[in-house]
Amino acid sequence: MEPSPHIVDPDSRRFKRLDALWLTIWLVFLGVLAALPPELEWHKQVILLAIGAVQVLESRILARFEPRGVSYVILLKILLATLLIDHTGELSINSSYWPIYFLPVVTAALYCGPWATLAWTLIASGAYCSYLYPAMQEYELTADAVGYLVLRIMFFFLAAMVVNRFSQQSQHQTQLYRDLAGRLAETNRRLEQAQAEARRSERLAALGQLSAGLAHEIRNPLGVIKGSAEMLTQKLQTSDELSRELAGYISTEVNRLSALVTEFLDFARPLHAQLQPSSLTRVLDRVLEIVGDRWKGKPVQLERDYEAGLPPLPLDESLCEQAFLNLVQNAYEAMEERGGTLRVEARRAERDGRDGVRVLLADTGPGIPDKLREEIFNPFVTTKKTGVGLGLSIVSKIVDGHRGFIHVENAASGGAVFTLFFPLEEVEELPVGQSTAAS
Ligand SMILES: Nc1ncnc2c1ncn2[C@@H]1O[C@H](COP(=O)(O)OP(=O)(O)OP(=O)(O)O)[C@@H](O)[C@H]1O
Ligand SMILES: [Mg+2]
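Report on the accompanying structure. None of the values given here were measured: they were computed from a predicted structure.

**So, the overall build of the protein chain**
Summing up its helical and strand segments, the protein chain has 11 helices and 9 strands in all. Scaling as 2.2 N^0.38, a compact globule of 439 residues should have a C-alpha radius of gyration of about 22 Å, whereas the protein chain reaches 42 Å, well beyond that. By principal-axis analysis of the C-alpha atoms, the protein chain measures approximately 140 × 50 × 40 Å. Within the protein chain, buried positions represent 35% of all 439 residues. A separation threshold of at least 6 residues defines the contact pool for the protein chain, and within that pool the share at least 24 residues apart is 73%.

**Re the site of ligand 1**
Close to ligand 1 lie 20 residues, the nearest being Asn330, Asp363, Thr382, Thr383 and Lys384. Between Thr382 and ligand 1, the recorded distance is 2.5 Å, taken from a side-chain N or O atom to an oxygen atom. In this structure, Thr383 approaches ligand 1 through a side-chain N or O atom, which is 2.4 Å from an oxygen atom. Only α10 (317-334), α11 (391-401) and β8 (416-423) provide two or more residues apiece to the shell around ligand 1. In terms of residues, the shell around ligand 1 owes the most to one element, α10, which gives 3 residues.

**Focus: helix α5 (residues 114-129)**
Given 3.6 residues per turn, any residue in an α-helix points the same way as the ones three and four places further on. Compared with the 22 Å implied by 1.5 Å per residue over 16 residues, the 22 Å span of α5 between its first and last C-alpha is a close match. Residues Thr117, Trp120, Thr121, Ala124, Ser125, Ala127 and Tyr128 constitute the buried set of α5. The buried side chains of α5 occupy one side of the element, clustering within an arc of 155 degrees when seen end-on. Seen from the buried face of α5, the exposed residues on the opposite side, beyond 90 degrees, are Trp115 and Leu122. Residues of α5 that are buried sit in contact with α3 (69-86), α4 (102-111) and α7 (143-235).

**With respect to the sheet that holds strand β7 (residues 405-410)**
In a beta sheet, neighbouring strands pair by backbone hydrogen bonds and run either parallel or antiparallel. With respect to topology, 5 strands assemble into an open sheet ordered β3-β5-β6-β8-β7, the strand pairing being mixed. Edge positions in the sheet fall to β3 (300-306) and β7, since each of these pairs with one other strand and no more. Strand-to-strand twist in this sheet, taken as the mean axis angle between neighbours without regard to direction, amounts to 15 degrees. Relative to strand β5 (residues 340-351), β3 runs parallel, the two sharing 7 bridges.

**A few points about the nonpolar core**
Core analysis: the largest hydrophobic core is formed by 54 residues, its most contacted members being Phe324, Leu342, Leu361, Phe418 and Leu420. The element that contributes the greatest number of residues to this core is α10, accounting for 9 residues. When residues of this core are assigned to domains, at least three fall in each of domain 2 (199-268) and domain 3 (276-434). Those residues in contact with Leu361 that sit more than four places away from it in its chain are Phe324, Leu327, Val328, Leu342, Arg343, Val344, Ala416, Val417, Phe418 and Leu420.

**Structural notes on the packing of aromatic side chains**
Under the criterion given, the structure shown has 12 aromatic pairs. When the centroid spacing of 6.0 Å and the interplanar angle of 50 degrees are considered together, the rings of Trp98 and Phe102 count as tilted. Measuring from ring centre to ring centre gives 5.2 Å for Trp295 and Tyr332, while their planes differ by 75 degrees; the resulting arrangement is edge-to-face. One end of the pair, Trp295, is in the loop between α9 (280-294) and β3; the other, Tyr332, is in helix α10, with 37 residues separating them in the sequence.

**Considerations on unusual backbone geometry**
Between Pro37 and Pro38 the backbone carries a cis peptide bond, its omega angle lying at -10 degrees. Mapped onto the elements, Pro38 comes out in the loop between α1 (13-35) and α2 (42-64). Omega for the peptide link from Glu66 to Pro67 comes to 0 degrees, which places this bond in the cis form. Examined against the element boundaries, Pro67 turns out to sit in the loop between α2 and α3. Despite not being glycine, Asp352 shows a phi value in the positive range, around 50 degrees.

Definitions and cut-offs
- Residues numbered from 1 in each chain as written.
- Chains lettered and ligands numbered in written order.
- Predicted model: local features only at pLDDT ≥ 70, side-chain atom pairs only at ≥ 80, totals over all residues.
- Heavy atoms only, no water.
- Helix = DSSP H or I, 4+ residues; strand = E, 2+ residues; numbered from the N terminus.
- Rg over C-alpha atoms; globule rule 2.2 N^0.38 Å.
- Buried < 20%, exposed > 50% of the residue type's maximum accessible area, 1.4 Å probe, protein only.
- Contact = heavy atoms within 4.5 Å.
- Near = heavy atom within 4 Å.
- Polar contact = N/O pair within 3.5 Å; in protein donor to acceptor, adjacent residues only side chain to side chain.
- Expected span 1.5 Å × (residues − 1).
- Arc of directions from axis to C-beta.
- Pairing = 2+ DSSP bridges.
- Axes fitted to C-alpha atoms, helices over the stretch in contact; angles between N-to-C directions.
- Core = buried A, V, L, I, M, F, W, Y, C linked by side-chain atoms within 4.5 Å.
- Domains from an automatic or database assignment.
- Phe/Tyr/Trp six-rings, centres within 6.5 Å; stacked < 30°, edge-to-face > 60°.

Now the structure itself:
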């Protein structure tokens, strides 16, 4: 994530002007204090100078010694305040400079949490009260004096509480703004990413349209070549073996090309699913029969497990048939060499709060290689010698057209398990361009 922007930019001109203003006020304040009695007490002037220096350097100390800088600054201020009191009164406890303790107290309230603020106020009060001891050596403590002292200390706590509450509120607010700015930056980043993806999809869509046009144009001459090749084969029935064989090649290869073009056009054409209430299991049974009948490889056992009383679903039967054909064909092809079992399940299920039917197609083939799992729904991904790699892209496009979901994983025993979900609720006809299946 990008770093969130500063809420108050310390380098901004407004901030710098404020800084300069506060510095001037501080110098004036310290200057006035220096001019007030006792004027000829040089210790006092030096301490005032030191207080000024700590105040001016405060932000640098905080940054330099993070996270202990705050404690250093407060401790320094308590120390300097205590020294100032010592040098500004006959009896230190009676010094009229006692409000200087507000300085460490307010600093603690600004930077610390409530408990730490109370603790620092207590320490500052303790430092101030430490002058009671020398005073009591010479004088007696009257009830009035105790009253004054308690009053002063109460004011320290009052200042601490008020400032700390305000500071906590403002810190909370700043945190909120910072979070908000962070979220905004993140949203911005996502938006840019989405825009980049949209641009890429547009380019791909344009390319798709172009190739679909090309494929369409190829289909007509292919038809002519196919017809001519068939006529040629008939004409050559009587002539030599080699010519007949060559004409046969033309015919079979043209058939292959034509199947490829048809498959590609199926994929590229925008899909308009006409959803009608239909029985999913009837479609499944039909597909299993078709694939089983034309299967020429090692025998494949079928296990059907349909939940009784499944409701009719809004389906486009012919599109669903095509999707299941591709899936079942893939499963049979995966078990081509050793045979195996294809388990087909259909049950009621719920997904993302939608009711529907879940179909499971589990074969006992080798399963899908891990590195391919993310990709097999993309067009032209194939591991087969004669495969085109469009079967699963078409499936995922059809599933999207039903607002459904498809997912693939490998069973513990190794075979591929495709899980599909078809929602129950009616959806309006959906034109679908790109397929976006989850894997
Ligand atoms: N049931 C399965 N078991 C193992 N691998 C599978 C299974 N189904 C699909 N695959 C893998 O996914 C790849 C893509 O499948 P897809 O159906 O999209 O293309 P294809 O079968 O290779 O070609 P065609 O376009 O002719 O269908 C396959 O080549 C195969 O490697
Ligand atoms: Mg296939």
